[in-house]
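A structural walkthrough
Next come the chains, spelled out residue by residue.
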Amino acid sequence: MRTAYLAVAALLCLAAAPARSACFDACFGSKVAAESDDIAVKDAATACRQSCDAESQTALDRQGFSAQVKSCRAHPISLEEFRKVRGASPSYRVQSNVFLWDVTNPFPDKVLTKIEVSTQTMELNDLAFVGTGLVPPSSTATFVIPAFYEGYPAVRFSAKVSAIWACDLK
């Protein structure tokens, strides 16, 4: 009987797991080891983001969206759309001064291309970090900000995703 409860609990945990970018996680996990320093982690995150963005671009090309994505002038999404993305995506994480956010794009007609993370310095001056990426419609990908130095306490505690940019596929 106890085994059945454990099996059900394990299934519930798996079902409740947040959406993750399989491409980024597989790449990043293969490049980073326990002894990797911050620079190696930053370089690995950047390389993995570029590789996964290329994979996303290839998928968009196969769907016939190549021209729209390449000629697009991204625009900030509305507050209502922003809330949909935030609600569909797990919280961001920071690892070795690299900001990582697995973003789920809930829109069937938009490609998410950029995020802005705002925070403050220790002198309470506003500071913004920009992360680029490529999240095709109805899929999940990872935005990366490789130089997200959270050594300042204010950055660690006041950081928030403040804007998301997208291209319309029409």
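None of these values were measured; they are calculated from a predicted model.

A few points about the state of the cysteines
Tallying each qualifying case throughout the model produces 3 disulfides. Across a sulfur-sulfur distance of 2.1 Å, Cys23 and Cys52 are joined as a disulfide pair. Given an S-S torsion of about -95°, the disulfide between Cys23 and Cys52 has left-handed geometry. Remark: Cys52 occurs in helix α3 (residues 38–62) and Cys23 occurs in helix α2 (residues 22–31); sequence separation between them is 29 residues. Of the residues examined, Cys52 reaches a relative accessible area of 9% and is grouped as buried.

Some words on the pairing of strand β3 (residues 98–104)
Across the 7 residues that make up β3, a large majority, 7, are buried. Both faces of β3 are covered, namely the face carrying Val98, Leu100, Asp102 and Thr104 and the face carrying Phe99, Trp101 and Val103. As defined by bridge partners, strand β2 (residues 93–95) adjoins β3 across 3 bridges and the pair is classed as antiparallel. Each bridged residue has a counterpart across the sheet, and for Arg93 the counterpart in β3 is Leu100. Connecting β2 to the antiparallel partner β3 that follows it, the hairpin turn spans 2 residues, and Ser96 within it adopts a positive phi of roughly 50°.

Focus: the environment of Cys27
Topologically, Cys27 is positioned in helix α2. A sequence separation of 18 residues divides Cys27 from Ala45, and the C-alpha atoms of the two residues are 8.5 Å apart.

Side note on helix α5 (residues 79–88)
Restricting attention to buried positions, one finds in α5 the residues Glu81, Phe82 and Val85. Summarising the axial view, the buried residues of α5 lie within an arc of 105°, below the 170-degree limit, and thus occupy one face. Exposed residues lying more than 90 degrees from the buried face of α5 are Leu79, Glu80, Arg83 and Gly87. Packed against the buried residues of α5 are β3, β4 (110–120) and β7 (160–168).

Thresholds, definitions, all that
Residues numbered from 1 in each chain as written. Predicted model: local features only at pLDDT ≥ 70, side-chain atom pairs only at ≥ 80, totals over all residues. Heavy atoms only, no water. Disulfide = S-S within 2.5 Å. Helix = DSSP H or I, 4+ residues; strand = E, 2+ residues; numbered from the N terminus. Buried < 20%, exposed > 50% of the residue type's maximum accessible area, 1.4 Å probe, protein only. Pairing = 2+ DSSP bridges. Arc of directions from axis to C-beta. Contact = heavy atoms within 4.5 Å.

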